[in-house]
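The chain contents come next:
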Amino acid sequence: MRKIVLFLLSFMAFANTYAQMVNPVKWSSRVAKISDTEYTLVMEGKIDNGWHLYSQYTPQDGGVGAPLPAEFNFTEAKGNYELIGKVIESPYKKQYNDVFEVNEYFFEKKVTFTQKIKVINPNLTTIKATIDYQVCKEACINGDFAFRFTLPNTATAAVPETTVKTDSVPADSSEVAKATVAPQADGAVSKTNKEPEKGLWTIFFLAFLGGFAALLTPCVFPMIPMTVSFFTKQSKTPAQGKRNAIFYGISIIAIYVLLGSLVTGIFGAEALNELSTDVWFNLFFFILLVIFAASFLGAFEIMLPNSWANKVDRQADKGGVVGILFMALALAIVSFSCTGPIVGTLLVESASKGGIAPIVGMLGFSSALALPFMLFAMFPGWMHSLPKSGGWLNTVKVSLGFLELALAFKFLSNADLVLQLHLLEREVFLAIWIAIFGVWGLYLLGKITTPHDSPVTHISVGRLSLALLVLAFTVYMIPGLFGAPLKLISAFPPPQTYSESPTGFFGASAGTSKEGLPEGAKIGEHGIITFTDYAKGFAYAKQVNKPIMLDFTGFACVNCRKMEINVWSDEKVLSVLKNEVVLISLYVDDKRKLPANEQYVSKTTGKEVVTIGNKWTDFIITRYKTNTQPYYVLTDLEEQKLNEPIGYTPDIAEYLAWLKEGISKFK
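As the structure is a prediction and not an experimental result, all values here were calculated from the model.

(A) Just the overall build of the chain, in detail. A tally of helices and strands in the chain yields 19 helices and 20 strands. The buried share of the chain, reckoned over its 667 residues, is 51%. For the chain, the proportion of contacts with a sequence separation of at least 24, taken over those separated by at least 6, is 72%. Carbon and sulfur atoms form 61% of the exposed surface of the chain, whose accessible area is close to 31,400 Å².

(B) Main features of unusual backbone geometry. Not every positive phi belongs to a glycine, and His422 is a case in point at roughly 60°. Within the secondary structure, His422 is located in the loop between α12 (391-419) and α13 (426-444). Positive phi values are uncommon outside glycine, yet Asn545 reaches one of about 55°. Note that Asn545 resides in the loop between α15 (534-544) and β16 (548-553). Using a relative accessible area of 48% as the deciding quantity, one classes Asn545 as partly exposed.

(C) Structural detail: the packing of α12 against α13. With their axes 10 Å apart at the nearest point, α12 and α13 run at an angle of 180° to one another. The angle between α12 and α13 falls in the class roughly antiparallel. Every residue of α13 that contacts α12 at Asn394, Thr395, Val398, Ser399, Phe402, Leu403, Leu405, Ala406, Phe409, Lys410 and Ser413 is listed here: Phe429, Ile432, Trp433, Ile436, Phe437, Val439, Trp440, Tyr443 and Leu444. Counted by class, the contact of α12 with α13 contains 15 nonpolar, four polar and one charged residues.

(D) The arrangement of the pattern of salt bridges in detail. Under the counting rule described, the total for this entry stands at eight salt bridges. Among the salt bridges present, the one from Asp48 reaches Lys26, with a minimum N-O distance of 3.9 Å. Separated by 22 residues along the polypeptide, Asp48 in the loop between β2 (38-47) and β3 (52-54) and Lys26 in strand β1 (residues 25-33) bring together distant segments of the chain. For Lys26, a relative accessible area of 42% corresponds to the partly exposed category.

Here is what the cut-offs are and how they apply
Residues numbered from 1 in each chain as written. Predicted model: local features only at pLDDT ≥ 70, side-chain atom pairs only at ≥ 80, totals over all residues. Heavy atoms only, no water. Helix = DSSP H or I, 4+ residues; strand = E, 2+ residues; numbered from the N terminus. Buried < 20%, exposed > 50% of the residue type's maximum accessible area, 1.4 Å probe, protein only. Contact = heavy atoms within 4.5 Å. Areas by Shrake-Rupley, 256 points an atom, 1.4 Å probe, with all protein chains shown as cover. Axes fitted to C-alpha atoms, helices over the stretch in contact; angles between N-to-C directions. Parallel < 35°, antiparallel > 145°, perpendicular 65-115°, else oblique. Nonpolar A, V, L, I, M, F, W, Y, C, P; charged D, E, K, R; others polar. Salt bridge = Lys/Arg side-chain N within 4 Å of Asp/Glu carboxyl O.

Function cannot be read off these values alone, since they describe shape.
Put into structure tokens, the structure is as follows:
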């Protein structure tokens, strides 16, 4: 990932040169006559190998960095001609991109767009039209081309569908296309196949750890020796026992992968994409994870109906391949009280990624769960190395309950941040986490017990070590109540500005007073004077004659918080942000309504702009042809870019160099 980031940042430095060298789409146009007054305007593009040109129907609400659709503009139509319907395009390909978290509709090699018109002015001889489009390979090029259609002479064009080929010219001959590398939301910086693969491997690894945790619970671990004993006694030969054990493990994996497939199939990848930023999704899963946590802590057991287990057991007793398959199903049902909450949490996290993530997640989980059953059944002698069942299994289960409870409040925090209710501000969130991890530490030391715990006569070295680690983490979080940045967990709690004391516990830790602030400004992260309204920030920049840094961000943007806490806090970076630029932070997920007289329909996307977040989303798409957060732009007082914008850049030196490069060009 680091190599990709370095490559792309280097690539952006030569973006203008690249724009002059690369023109991956060759356009031509023609006119087909339908009748004396009706014509079809045909626009054809030949696309270089490996490049994708995006359809006009490409979704723009995927939530992160969606590609830009093609847009058409037919000029001087009023009084001269009418458009009949919309532009019709040749069939496109549909593919889910895990980095962008959106379905892409695109063309490869060639594309044809057609538009029917009816001529009103009999003296009309030419029609002009332009197309704005995005074409991507490793980089994305935002191009615009102008077409000039010459209408056939009515007197000589008697045969319908006669075509006259015309040439197309670039809309701006001085600049073929503006090449931009579009940094993706939450740190993704390249639209390549490697990034989706990396994301899926991460999901697999985390799910594998979840499966291993489920294995060490009182519902699953004791079943290992029982299962091994069954295969050892029932198999006539050691070879047969090994074959049966392998099939048993494969059956476990198949059952859970089927569950992941059902989640993907029922909800669909497109619907799953929207979950992570949806308020109701976050509220629902806050409640769900609290229920899971309560179950793990011993309040109740989440179990499937006993009749299911009884029916499956009867099928398993039949033996053979079918019996082994039902044995695997019986394991899934009987252990559900321990595995259910873990499976549910994994499905929540992977489903929000969309695509095949739920399937990959269940593959990772079930692999960790099935592998020990297979190995111990194949090599029974290894059983002697297993620790004996005991109270430690319930300790693992309860510990998972504390983690589930802590994670639940992250979902609640996301909903509160997006709605800007200020019910779960930074101090409250940290106080809750300090309480959760503090009680967990006391539990591990044996000071607190839960309903299913065995009497603790002594504490093992492993349990003591974990207790010390949890309590150390608890102590680490306490200074966060007084304004400490807590860089280790910067992505989880709300930012410092979303708190009861945005400038620190004593109200002045950031060194900036609220008195004398410019109109429309507030004290932002690290005491930086920050505007959240573009017009007011721009006016102030003119007043003080400083360049502008646009910070396209989001309340629930994880990597935005990482940049603010880990990069902006650097002494040199902070000095630049405080003294050499005017910072304007535009929140694209701000759900507050715009006044009725400020609401409008976007000319770029055709969508209604009704909230403040809609306004800034439309702004970034219209002006910068991207929709990614974080996204940083340095501009002069003529609103022209001083250098190429960048996205998530965790390397402090790189980010500082970018700032200085842009500021050095300010006049």
